[in-house]
Amino acid sequence: MNEADSQRDSLRFSDIGEVLGILRKRKNVIIWTTVICAVLTLFVSLFVITPKYSSSTDILVNRKVDNSREQINAQGQIQADVQMISTYKDIITSPTILNTVSGRLADKGYHISAGAIRKCISISNQQNSQVFTVAVKAKNPQLAAAIANTTADVFKTKVKKIMSINNVSILSKAVANSSPVSPKVGLNTIIGIVIGLVLGLILAFVSNELDWTITDESFITDDLELNNLGIVSEIPASKVKKLISTGRITSRGSGKRRV
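Residues numbered from 1 in each chain as written. Predicted model: local features only at pLDDT ≥ 70, side-chain atom pairs only at ≥ 80, totals over all residues. Heavy atoms only, no water.

### Structural notes on a nonpolar patch on the surface
- A grouping of Leu42, Phe43, Val44, Leu46, Phe47, Val48 and Ile49 is seen on the molecular surface, where their side chains present a nonpolar patch of about 640 Å² in accessible area.
- Topologically, Phe47 is positioned in helix H2 (residues 27-48).
- Residue classification places Phe47 among the exposed positions, given a relative accessible area of 60%. (Patch = residues over 30% accessible without salt bridge, like charges linked within 9 Å, V, L, I, M, F, W, Y side chains within 5 Å. Areas by Shrake-Rupley, 256 points an atom, 1.4 Å probe, with all protein chains shown as cover. Salt bridge = Lys/Arg side-chain N within 4 Å of Asp/Glu carboxyl O. Helix = DSSP H or I, 4+ residues; strand = E, 2+ residues; numbered from the N terminus. Buried < 20%, exposed > 50% of the residue type's maximum accessible area, 1.4 Å probe, protein only.)

In structure tokens form, the structure reads like this:
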């Protein structure tokens, strides 16, 4: 290893040592910032964010052709049903369906607008599957189940008139689930810890840069190129009291101590 490589290695280790020194010196800042962020995140997740409950119903699309229509093969029929699902998704979230759903929910004691229902609903399906799922998130588990079931019932009834077809079946009814799906308290707390740790590290290095206290003799002799005239050591107050009690130090005037 040549001299240049040796110097680079020494500088690298010096930088690492400096970083570790800063972390040790500012460890309280890092710890408290992490704890505060974690506690705040936990508090917000438990007491500020409103829990959401999810419920879903599955709908099967199975095309039934009339005798008067030209018969198509089974594979072609399945592909046609799958392609129709995209259209059905748009129909479900249309005002024609949701206004009726809002009215039926009002009859059951749930007063919620069509616009609010639209925000609660999400529709998904697996690739090349004739089944799609209507999932609902709401502040109340019973409300979530009621919205999902009512939406499925209204859609099944109205799609017959809208598209003159009868190929929709409800596979499973939505049930109320008492376990909230959000907020995810554990995940949010972990995120809070990570954010607090990162913020604590930033504060540690920033506070270190803003601290102009001279703690190293080499800063005076090497960086400032000044002569070191002497070092005054700090004596803890407890030790000073002990020295006074033994008579090794006498005190005068306004609390000033003299050897």
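### Regarding the packing of helix H4 (residues 95-107) against helix H6 (residues 141-163)
- Between H4 and H6, the shortest axis-to-axis distance is 9 Å and the interhelical angle comes to 130 degrees. In terms of orientation, H4 lies oblique with respect to H6. Of the two elements, H4 crosses H6, and the hand of that crossing is right-handed. Contacts from Thr96, Ile97, Thr100, Val101, Arg104 and Leu105 in H4 reach Ala146, Ile147, Thr150, Thr151, Asp153, Val154, Phe155, Lys158 and Ile162 in H6.
- For the contact of H4 with H6, a count of residues per class yields eight nonpolar, four polar and three charged. (Axes fitted to C-alpha atoms, helices over the stretch in contact; angles between N-to-C directions. Parallel < 35°, antiparallel > 145°, perpendicular 65-115°, else oblique. Left-handed = near helix turned anticlockwise from the far one by under 90°. Contact = heavy atoms within 4.5 Å. Nonpolar A, V, L, I, M, F, W, Y, C, P; charged D, E, K, R; others polar.)

### A short note on the side chain of Ser55
- Tracing the chain through its elements places Ser55 in strand E1 (residues 53-61).
- Only 2.8 Å separates the side chain of Ser55 from the backbone oxygen of Val175, close enough to count as a polar contact.
- Not counting residues within four places of it along the chain, the set of residues in contact with Ser55 comprises Val134, Ala135, Val136, Ala144, Ala145, Ala148, Ala174, Val175 and Ala176. (Polar contact = N/O pair within 3.5 Å; in protein donor to acceptor, adjacent residues only side chain to side chain.)

### Points about the pattern of salt bridges
- Enumeration over the complete set of coordinates arrives at one salt bridge.
- For Asp153, the salt bridge is made with Lys173, and the minimal N-O distance between the two is 3.1 Å. Within this pair, whereas Asp153 is found in helix H6, its partner Lys173 is found in the loop between strand E4 (168-172) and helix H7 (185-210), the two being separated by 20 residues in sequence.
- For Asp153, a relative accessible area of 27% puts it in the partly exposed group.

### Some points on the sheet that holds strand E3 (residues 131-138)
- Overall, antiparallel pairing links the four strands, which are arranged E2-E3-E1-E4 in an open sheet. The sheet is open, and its two edges are formed by strand E2 (121-125) and E4, each paired on a single side. For this sheet, the mean inter-axis angle between neighbouring strands, taken without regard to orientation, is 30 degrees.
- Packed onto the sheet, H6 meets E1, E2, E3 and E4 and runs at close to 20 degrees relative to E1. (Pairing = 2+ DSSP bridges.)

### A closer look at the environment of Lys139
- Summarising the element assignment, Lys139 is placed in the loop between E3 and H6.
- For Lys139, a relative accessible area of 60% translates into the label exposed.
- The spatial distance from the C-alpha of Lys139 to the C-alpha of Ser54 is 8.9 Å, given a sequence separation of 85 residues.
- Among residues more than four places away in sequence, those in contact with Lys139 are Thr50, Pro51, Lys52 and Tyr53.

### Details of the pairing of E3
- Relative to E3, E1 is paired through eight bridges, and the arrangement is antiparallel. If you follow Asp58 over to E3, its bridge partner there is Thr133.
- Sheet analysis places E2 next to E3, joined by five bridges and oriented antiparallel. In the sheet register, Ser122 faces E3, and the bridge partner there is Ala135.

### Description of the side chain of Thr57
- Among the structural elements, Thr57 can be located in strand E1.
- Reaching out from Thr57, the side chain makes a polar contact with the backbone oxygen of Ser172 at a distance of 2.5 Å.
- Setting aside residues up to four positions removed in sequence, Thr57 forms contacts with Phe132, Thr133, Val134, Ala148, Asn149, Ala152, Ile170, Ser172, Lys173 and Ala174.

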